[in-house]
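Inside the fold
For reference, the chains in residue letters:
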Amino acid sequence: NAGVTQTPKFHILKIGQSMTLQCTQDMNHNYMYWYRQDPGMGLKLIYYSVGAGITDKGEVPNGYNVSRSTTEDFPLRLELAAPSQTSVYFCASSYETGYYEQYFGPGTRLTVT
Amino acid sequence: QQQVKQSPQSLIVQKGGIPIINCAYENTAFDYFPWYQQFPGKGPALLIAIRPDVSEKKEGRFTISFNKSAKQFSLHIMDSQPGDSATYFCAALQGGSEKLVFGKGTKLTVNP
């Protein structure tokens, strides 16, 4: 099993551009999450999904959108990128709700300039 | 408002030392407290977790101590090794919620 995979690993985006960060898991997990990690700030939840077709906002959803058309995929869309979105983005998945281990992908380092 | 306060921000110990990382919370509805370990360039991975019905949980060289009345919990690493050098995050979950709340992290360096 590959676990949780994310693409791209690195990306530089110009201000105002849009892009999609890809996340795929092969563990048949129902729950998937997107976090951003900024230096010294821990992990902040952006969006999460409890199953295909069901998504909900986390702590810092502004400037982002998600969709979940399949169990495996949970892409994160950045619209009109701003320098404040420069961060490392992690996708995670878990079998069920928060009491279960979250398995994290390797991350995408995004710079908006 | 930071829901889980973690300290220290960074910690340097010698090999064999016992680093201690502390976390405090206010929300008494939290009922699950995991610790995640993150190596540079990698995603976090679950290290150990505890529920508030026990005061201590040990897995190998890693121990969580939990003080429900003080609303504090801590991670102890016995006989620390250079390979333990990583960033450690405490987290908390409120029952019925899907959202883990993370502390800001502690960067641990274990010198040889």
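Residues numbered from 1 in each chain as written. Chains lettered and ligands numbered in written order. Predicted model: local features only at pLDDT ≥ 70, side-chain atom pairs only at ≥ 80, totals over all residues. Heavy atoms only, no water.

1. Notes on the overall build of chain B
Broken down by element type, chain B carries zero helices and eleven strands. Seen through its principal axes, chain B has C-alpha atoms that stretch 40 × 30 × 20 Å. Classification of the 112 residues of chain B by burial places 45% in the buried group. Put simply, of all contacts in chain B between residues at least 6 apart along the chain, 53% involve residues at least 24 apart. When the accessible surface of chain B is summed, it comes to about 5,500 Å², and 48% of that surface belongs to carbon and sulfur atoms. In chain B, 12 positive and 8 negative side-chain charges are present, and the distance between their average locations comes to 6 Å. (Helix = DSSP H or I, 4+ residues; strand = E, 2+ residues; numbered from the N terminus. Buried < 20%, exposed > 50% of the residue type's maximum accessible area, 1.4 Å probe, protein only. Contact = heavy atoms within 4.5 Å. Areas by Shrake-Rupley, 256 points an atom, 1.4 Å probe, with all protein chains shown as cover. Lys, Arg positive; Asp, Glu negative; His and termini not counted. Charge placed at Lys NZ, Arg CZ, Asp CG, Glu CD.)

2. Considering the packing of aromatic side chains
The final tally for this structure, using the stated rule, is 19 aromatic pairs over all chains. Seen from their ring centres, phenylalanine 30 of chain B and phenylalanine 33 of chain B are 6.5 Å apart, and the 85 degrees between their planes marks the pair as edge-to-face. Relative accessible area serves as the criterion here: at 4%, phenylalanine 30 of chain B is assigned to the buried category. Judged by centre distance (5.8 Å) and plane angle (70 degrees), the ring pair of tryptophan 35 of chain B and phenylalanine 73 of chain B falls under edge-to-face. In this pair, tryptophan 35 of chain B sits in strand β4 (residues 30–38) while phenylalanine 73 of chain B sits in strand β8 (residues 72–77), placing the two residues 38 residues apart along the sequence. Take tryptophan 35 of chain B and phenylalanine 73 of chain B: they sit in the same class, and that class is buried. Through successive ring pairs, a cluster of aromatic residues spans Tyr33, Tyr35, Phe90 and Phe104 of chain A together with Tyr36, Phe89 and Phe102 of chain B. (Phe/Tyr/Trp six-rings, centres within 6.5 Å; stacked < 30°, edge-to-face > 60°.)

3. Section: the sheet that holds strand β7 (residues 62–67) of chain B
Residue and element names in this part refer to chain B. The five strands lie next to each other as β1-β3-β8-β7-β6, forming an open sheet whose pairing is antiparallel. The sheet is open, and its two edges are formed by β1 (4–7) and β6 (56–59), each paired on a single side. This sheet shows a mean twist of 15 degrees between the axes of neighbouring strands, independent of strand direction. Relative to strand β3 (residues 20–25), β1 is paired through four bridges, and the arrangement is antiparallel. (Pairing = 2+ DSSP bridges. Axes fitted to C-alpha atoms, helices over the stretch in contact; angles between N-to-C directions.)

4. Considering the nonpolar core
Counting residues in each nonpolar core, the largest one holds 25 residues, and the members touching the most others are Phe33, Trp35, Phe73, Leu75 and Tyr88 of chain B. If you list the elements that add at least two residues to this core, you get β2 (10–14), β3, β4, β5 (45–50), β7, β8, β9 (86–94) and β11 (106–111) of chain B. Take this core: its biggest share by element is four residues, from β9 of chain B. Apart from the residues lying within four places of it in its own chain, the contact partners of phenylalanine 73 of chain B are Ile21, Asn22, Cys23, Tyr25, Phe33, Trp35, Ser65, Phe66, Cys90 and Ala91 of chain B. With 19 residues, the next largest nonpolar core counts Leu76, Ala81, Tyr89 and Leu110 of chain A among its residues. (Core = buried A, V, L, I, M, F, W, Y, C linked by side-chain atoms within 4.5 Å.)

5. Considerations on the interface of chain B and chain A
On the side of chain A, 21 residues touch chain B, which itself brings 22 residues to the contact. Summing both partners gives a buried area of about 1,800 Å² for chain B against chain A, and 57% of it is carried by carbon and sulfur. Its largest share of buried area at the contact with chain A, chain B owes to Glu98, Phe102 and Lys104 of chain B, together 31% of the area lost on that side. Across the contact surface, chain B and chain A share zero salt bridges. Inspection of the region where chain B meets chain A yields six residue pairs in polar contact (both at pLDDT 80 or more). (Buried area = accessible area lost by both parts, 1.4 Å probe. Salt bridge = Lys/Arg side-chain N within 4 Å of Asp/Glu carboxyl O. Polar contact = N/O pair within 3.5 Å; in protein donor to acceptor, adjacent residues only side chain to side chain.)

Just geometry here; none of it tells us what the structure is for.
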